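Remarks on the overall topology
Here is what each chain is made of, one letter per residue.
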Amino acid sequence: MPLIHILNGPNLNLLGQRQPEVYGHATLSDLEAMCRDAARPHEIRFLQSNWEGQIVDWIHEARLEAAAIVINPAALTHTSVAVLDALNAFDGPVIEVHISQVHKREAFRHHSYVSHRADGVIAGLGLGGYVAALRHVATLI
Ligand code: DQA
């Protein structure tokens, strides 16, 4: 079964504690369990880092082992050409997910470098955005 990488950027380790009015009360491990379930029968590699270079390295690893990437780049969405360039070196489908509806928030969240590469973008569906992304990539791989 093809492997799907699910990559999470800075501060998402604090899911459930950080701004619950924006990101909800579920934790990153709740999210991982939800994704593992939704992805079945596909395997997932579920990762989170607060470091841009680590996210870049994992995208490089995905080139060798993943059929698709679901990524919530978090704040790197709005700042990182390095993450965009790494995704441009990946051949499979890429879906960008945001838990919150970034377009209803501050203007600096309205631009995404990652959207220049993403095949689909989901925002504002809460953790359900990851489930929707996984259902969609399952139709592509
Ligand atoms: C986020 C939105 C980003 O603007 C923010 O920096 C995050 C999380 C989201 O999932 O809604 O950390 O990607």
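Residues numbered from 1 in each chain as written. Predicted model: local features only at pLDDT ≥ 70, side-chain atom pairs only at ≥ 80, totals over all residues. Heavy atoms only, no water.

A closer look at the site of the ligand
Taken together, R18, Y23, N72, A74, A75, H78, H98, I99, S100, V102 and R109 form the complete shell of residues around the ligand. Contacts to the ligand include R18, whose side-chain N or O atom sits 3.1 Å from an oxygen atom. With respect to the ligand, the side chain of H78 contributes an N or O atom lying 2.7 Å from an oxygen atom. Here the ligand occupies the largest pocket. When the residues that make up the shell around the ligand are grouped by side-chain class, the tally is five nonpolar, four polar and two charged. (Near = heavy atom within 4 Å. Polar contact = N/O pair within 3.5 Å; in protein donor to acceptor, adjacent residues only side chain to side chain. 1 Å grid on protein atoms, 1.4 Å probe; cavity = no way out; pocket = protein on both sides within 12 Å on 5 of 7 lines; lining within 4 Å. Sits in = over half its atoms within 2 Å of the grid points. Nonpolar A, V, L, I, M, F, W, Y, C, P; charged D, E, K, R; others polar.)

Digging into the layout of surface pockets
Space left empty within the atom packing is revealed by a probe, the size of a water molecule, rolled over the atoms. Considered as a void within the structure, the largest pocket measures approximately 170 Å³ in volume. Along the wall of the largest pocket there are 16 residues; nearest its centre are R18, Y23, A74, A75 and R109. Here the residues of the lining of the largest pocket are counted per class, giving seven nonpolar, six polar and three charged. (Points joined across faces, edges and corners; volume = space filled by probe spheres on them.)

Topic: the packing of helix α2 (residues 28-39) against helix α5 (residues 128-140)
α5 packs onto α2 with a crossing angle of 25° between their chain directions and a minimal axis gap of 9 Å. Considering the angle they form, α2 stands roughly parallel to α5. The handedness of the crossing between α2 and α5 comes out as right-handed. On the side of α2, the interface is formed by L31, M34, C35, A38 and A39, while α5 contributes Y130, V131 and L134. Here the contact of α2 with α5 is composed, by residue class, of eight nonpolar, no polar and no charged. (Axes fitted to C-alpha atoms, helices over the stretch in contact; angles between N-to-C directions. Helix = DSSP H or I, 4+ residues; strand = E, 2+ residues; numbered from the N terminus. Parallel < 35°, antiparallel > 145°, perpendicular 65-115°, else oblique. Left-handed = near helix turned anticlockwise from the far one by under 90°. Contact = heavy atoms within 4.5 Å.)

Here we look at the UniProt feature "binding site: substrate" (unreviewed entry) in the protein
Here the UniProt-annotated "binding site: substrate" (unreviewed entry) positions come out as N72, H78, D85, I99, S100 and R109. Considering the C-alpha atoms alone, the annotated residues occupy 38 residues of sequence and remain spread out, their largest mutual distance being 24.3 Å. When only the residues just named are considered, the largest pocket is lined by N72, H78, I99, S100 and R109. Those residues within four positions of I99 in sequence are excluded, and the remaining contacts are L12, L15, V22, Y23, N72, G124, L125, G126, L127 and Y130. (UniProt positions renumbered as here; feature names shortened; annotations may be inferred.)

Topic: the UniProt feature "site: Transition state stabilizer" (unreviewed entry) in the protein
As recorded in UniProt, the sites labelled "site: Transition state stabilizer" (unreviewed entry) are R18. Considering the arrangement of structural elements, one finds R18 in the loop between β1 (3-8) and α1 (20-23). In this view, R18 contacts P10, N11, L12 and Y23; residues no more than four positions away in its chain are not counted.

A closer look at the sheet that holds β1
Sheet architecture is open: five strands sit in the order β2-β1-β3-β4-β5, paired in parallel fashion. In the strand order of this sheet, the two ends are held by β2 (43-48) and β5 (120-123), each with one partner. Going across the sheet, the axis of each strand differs from the next one's by a mean of 15°, ignoring polarity. With four bridges connecting them, strand β4 (residues 94-98) and β5 associate as parallel partners. (Pairing = 2+ DSSP bridges.)

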